[in-house]
Structure formats: structure tokens, C-alpha cells
Amino acid sequence: NLINFIYLKFRKYQMKFRKKINYIFFNILLAVIIISPTSFAQMSGEISLLYGYQMLGTVEVYSGLNTGDFDINDAAYYGGVLGFRVEREVMLEFQYVYQPTKSSFDDYGSGPEIELSNIDVHYIMLGAMYEKPFSRTAFGYGGLLIGTAGLVPDNNYESEWRLAFGLALGAKFMISEKIGLKIQAQGLFPVQWSGGNFYVEADGTGYSITAGTSIAQINVGGGLFYAF
């Protein structure tokens, strides 16, 4: 039988990671609460809808007999951003990115890449964007993001969530007083611990992650935003 699915499970670090995620989001929530609802009501901001293409997302795995790459296949992504202006040139952004795609496995010693199963990739991020005006209607921006990345496979498999960091660079162009066009590129980097296991559903074979291997994705896209 062909391999149906390779699934990432970091059993050794799962509880430790979840504690770190809870700690990080508790502090983010605390920071948001400190800014009162009245303050948010007085802020200007933006709502953006984005669409584009997300690439990369490969991790090397090995066992006693096989070595290869587990790959998140390149595919379109959909995104939404809610931003609040906290300084004249600084925007606080809450961002969600969703990529429905497939996974595959490339065994270095046994021929072509094997397509596995459907998998959804999620990023829930919080970041600060610094803006630089080029003219009255055009702005460049860039910033850093922190949050969580999730790999959510087909039914009957557990989801995996990891701490993630991001970098964003883009430009905005106003086409009316409230409506604008946004173009951007991002690098997204889920945190990869130094060890863990993959499991092949077909025969129960275990695979281990090479120490120091990292997962990274990039996306390019754009969309419309509404300024309020």
C-alpha cells in the first residue's frame, strides 16, 4: 500500500510548548485589556481582506531505513487583518492566514514524491507595523509578528500547533477616501524543536526530525482594505 499520510507529532515537547503558548497569549491578552475599550473606540484603523500564494514548508525526517522530506504543498491562501493605529506611523495588527492544501513525502531513495493527504495551515498572529508615507496616497510598511501556527489534517488525526514568528513587508495605495489596495509579502516561521517524531499511517513506521531542521513559509499577495 502507498503511504497515506505522514503526521507530525512532537510528543516530548507538546506539553512544554502548550504551556509556553498559554503564557504568551496570556500576556498578549493582558496588554490588550490594558488598552481600554474607550481607547479602542477612539482609534482609527483598517480592515483588510487578502488573497495570494503561500510557498515552502518542508521538514526533513528519517528512520532506520528511510530519509526524506515532508512537504506542505504550495497553494493559495486567504487572509484577514484587523489593524488599530496606536501611533502616527505604527499600526497594531491582528492577522489570520488560512491555507488549504495537501501534504506529500519525498523519499530520497525510492523514486518520485508521494502525495499524502489534505491538510489546512493556520496562522493567528499579532504584530506591529511601521508605516512610511511615499505620497499622500501611497505608503510602505513593514513589521514583526508573533503568534501560533497550526497544522490541521484530515479527520481522525490530531492537530498540531506551534509558536510562530513572522516578518511582513508591503505597500498600500488609497483609491478613495476610505478604500485602498494592499500588496505584501510575508515570511512565516513556526518554531521547530530539536527533536520529535513523524508517524506513517500505512504501517506505523516512525520517523524522527533531524536536529536543527526548521520550517519556514513565505507568501505573496494582496487585497482591499477599508480605513475607519
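So, a few notes on the structure that sits alongside this text. (Residues numbered from 1 in each chain as written. Predicted model: local features only at pLDDT ≥ 70, side-chain atom pairs only at ≥ 80, totals over all residues. Heavy atoms only, no water.)

## A few points about the environment of A227
The test is simple: Helical segments are the DSSP runs of H or I of at least four residues, strand segments are the runs of E of at least two, and each set is numbered from the N terminus. Residue contacts are defined here by distance: any two heavy atoms, one from each residue, within 4.5 Å place the two residues in contact.
Tracing the sequence through the fold places A227 in strand 13 (residues 217-227). Along the backbone, A227 and M174 are 53 residues apart, and their C-alpha atoms lie at a distance of 9.4 Å. Among all residues touching A227, those that are not within four sequence positions of it are G45, E46 and K178.

## Focus: the pattern of salt bridges
Applied cut-off: What counts as a salt bridge is simple: a side-chain nitrogen of Lys or Arg found within 4 Å of a carboxyl oxygen of Asp or Glu. Relative accessibility under 20% of the residue-type maximum defines a buried residue, over 50% an exposed one, and the middle range a partly exposed one, all with a 1.4 Å probe and only protein chains included.
Scanning all chains against the criterion turns up three salt bridges. Residues K172 and E46 are paired through a salt bridge, measuring 2.8 Å at the closest nitrogen-oxygen approach. Taken together, the residues span a long stretch of sequence, with K172 in strand 9 (residues 160-174) and E46 in strand 2 (residues 45-56) at a distance of 126 residues. Summarising the burial analysis for this pair, K172 and E46 share the class buried. One salt bridge in this structure joins R85 and E131, with 3.1 Å as the shortest N-O distance. Placement of R85 in strand 5 (residues 75-87) and of E131 in strand 7 (residues 114-133) is noted, with a sequence separation of 46 residues between them. Since its relative accessible area comes to 6%, E131 is described here as buried. Because the salt bridges share partners, they merge into one network encompassing E46, R85, E131 and K172.

## Observations concerning the environment of M125
Within the secondary structure, M125 is located in strand 7. Residue M125 is classed as buried on the basis of its relative accessible area of 4%. Not counting residues within four places of it along the chain, the set of residues in contact with M125 comprises E93, F94, Q95, L145, I146, G147, T148, A164, F165, G166 and L188.

## What to know about unusual backbone geometry
Here L56, not a glycine, exhibits a phi torsion of approximately 70 degrees, which is positive. Structurally, L56 is set in strand 2.

## Details of the packing of aromatic side chains
As a reminder, the rule being used: Only centres within 6.5 Å qualify two rings of Phe, Tyr or Trp (six-membered ring in Trp) as a pair; their planes then separate them into stacked at under 30 degrees, edge-to-face at over 60, and tilted for everything else. Placement of a positive charge over a ring is assigned whenever Lys NZ or Arg CZ falls within 6 Å of the ring centre and within 35 degrees of the normal to the ring plane.
The tally for this structure, following the rule as stated, stands at four aromatic pairs. Judged by centre distance (6.3 Å) and plane angle (75 degrees), the ring pair of F84 and F228 falls under edge-to-face. Here F84, found in strand 5, pairs with F228, found in the segment after strand 13; they are 144 residues apart in sequence, far enough to count as distant. In this structure F84 comes out as buried when scored by relative accessible area, which is 13%. For F228, a relative accessible area of 32% translates into the label partly exposed. Here a set of aromatic residues connected by ring pairs shows up, and it is made of Y51, Y78 and Y98. Stacked on the ring of Y141, the Lys or Arg K172 has its end atom at 5.6 Å from the ring centre.

## So, the side chain of Q186
What counts here: Side-chain atoms alone can form a polar contact between residues adjacent in sequence; in general such a contact is a pair of N or O atoms within 3.5 Å, and within protein one must be able to donate a hydrogen while the other accepts it.
With respect to the helices and strands, the residue Q186 is situated in strand 10 (residues 179-190). Polar side-chain contacts of Q186 include one of 2.6 Å to the side chain of Q95. With residues near it in sequence (within four places) discarded, Q186 still touches Q95, V97, L145, L167, A168, Q217, I218 and N219.

## Observations regarding the layout of surface pockets
Just so we agree on the cut-off: Any residue with an atom within 4 Å of a point lines the site, the site being either a cavity, points on a 1 Å grid over the protein atoms alone where a 1.4 Å probe fits but cannot get out, or a pocket, an open set with protein on both sides within 12 Å along at least 5 of 7 lines. Grid points are joined across faces, edges and corners, and a volume is the space filled by probe spheres set on the points. By the convention adopted, Pro, Cys, Tyr, Trp, Phe, Met, Ile, Leu, Val and Ala count as nonpolar, Lys, Arg, Asp and Glu as charged, and the other residues, Gly among them, as polar.
Considering only enclosed or pocket space, the largest pocket measures out at about 260 Å³ in volume. For the largest pocket, the lining is made up of 14 residues, of which E46, R85, M174, E177 and A227 are closest to its centre. Elements represented by at least two residues in the lining of the largest pocket include exactly strand 2, strand 9 and strand 13. Considering only residue class, the lining of the largest pocket consists of six nonpolar, two polar and six charged. When its volume is computed, the second largest pocket comes out at roughly 150 Å³. Surrounding the second largest pocket, R85, R88, E89, E131, P133 and F139 form its lining. Considering only residue class, the lining of the second largest pocket consists of two nonpolar, no polar and four charged.

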